[in-house]
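Commentary on secondary and tertiary structure
Now for the letters of each chain:
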Amino acid sequence: VHAPRRSREHLNLTNSTYKLDPQPIEDDCPCATCQSFSRSYLHHLLKARELLAYTLISIHNVCFMNRLMQEIRQGIMEQTLPDVEGRWLP
């Protein structure tokens, strides 16, 4: 049984809201980006137009999609897809 997850949202890390935000992109994400870098650092990289920003964000996005697809496949096999949907969608 998986713990309920908070609603997933799109973050615009170029927004000044994230200039001093010490949180990772996602608190419960195991990716290297979320484990090592803050929203404020990513905000800085994006503002400075550093290519590293796109690499780090891509690492997070691929991890996110892999986790989502893994749970969808499991939900299909276990016939619990509506429960999976409830954990990932607002």
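Below is a summary of the structure that appears in this document.

Conventions adopted
- Residues numbered from 1 in each chain as written.
- Predicted model: local features only at pLDDT ≥ 70, side-chain atom pairs only at ≥ 80, totals over all residues.
- Heavy atoms only, no water.
- Helix = DSSP H or I, 4+ residues; strand = E, 2+ residues; numbered from the N terminus.
- Buried < 20%, exposed > 50% of the residue type's maximum accessible area, 1.4 Å probe, protein only.
- Contact = heavy atoms within 4.5 Å.
- Lys, Arg positive; Asp, Glu negative; His and termini not counted.
- Charge placed at Lys NZ, Arg CZ, Asp CG, Glu CD.
- Core = buried A, V, L, I, M, F, W, Y, C linked by side-chain atoms within 4.5 Å.
- Phe/Tyr/Trp six-rings, centres within 6.5 Å; stacked < 30°, edge-to-face > 60°.

In this section: the overall build of the protein chain. Along the protein chain, the regular secondary structure elements total 4 helices and 0 strands. Taken over the C-alpha atoms alone, the protein chain extends approximately 45 × 20 × 15 Å along its principal axes. Burial statistics for the protein chain: of 90 residues in total, 36% are counted as buried. Of the contacts formed within the protein chain by residues at least 6 apart in sequence, a portion of 48% connects residues at least 24 apart. Computing the positive centroid from 10 side-chain charges and the negative centroid from 10, the protein chain places the two 7 Å apart.

Bringing the nonpolar core into the picture now. Leu13, Ile25 and Leu42 are the most contacted members of the largest nonpolar core, which has 14 residues in total. Only α2 (39-47) and α3 (51-78) provide two or more residues apiece to this core. Top contributing element to this core by residue count: α3, with 4 residues.

On to the packing of aromatic side chains, then. What characterises a pair of aromatic rings is the spacing of the ring centres plus the angle enclosed by the ring planes. On inspection of all chains with the given rule, the structure shows 1 aromatic pair. Judged by centre distance (5.5 Å) and plane angle (20°), the rings of Phe37 and Tyr41 are stacked. Take Phe37: its relative accessible area is 27%, and that puts it in the partly exposed class.

A few words on unusual backbone geometry. Of note in this structure, Arg49 is not a glycine but carries a positive phi near 60°. Even without glycine at this site, Gln79 takes up a positive phi of about 55°. Mapped onto the fold, Gln79 is located in the loop between α3 and α4 (81-88). Gln79 sits in the exposed class, given a relative accessible area of 72%.

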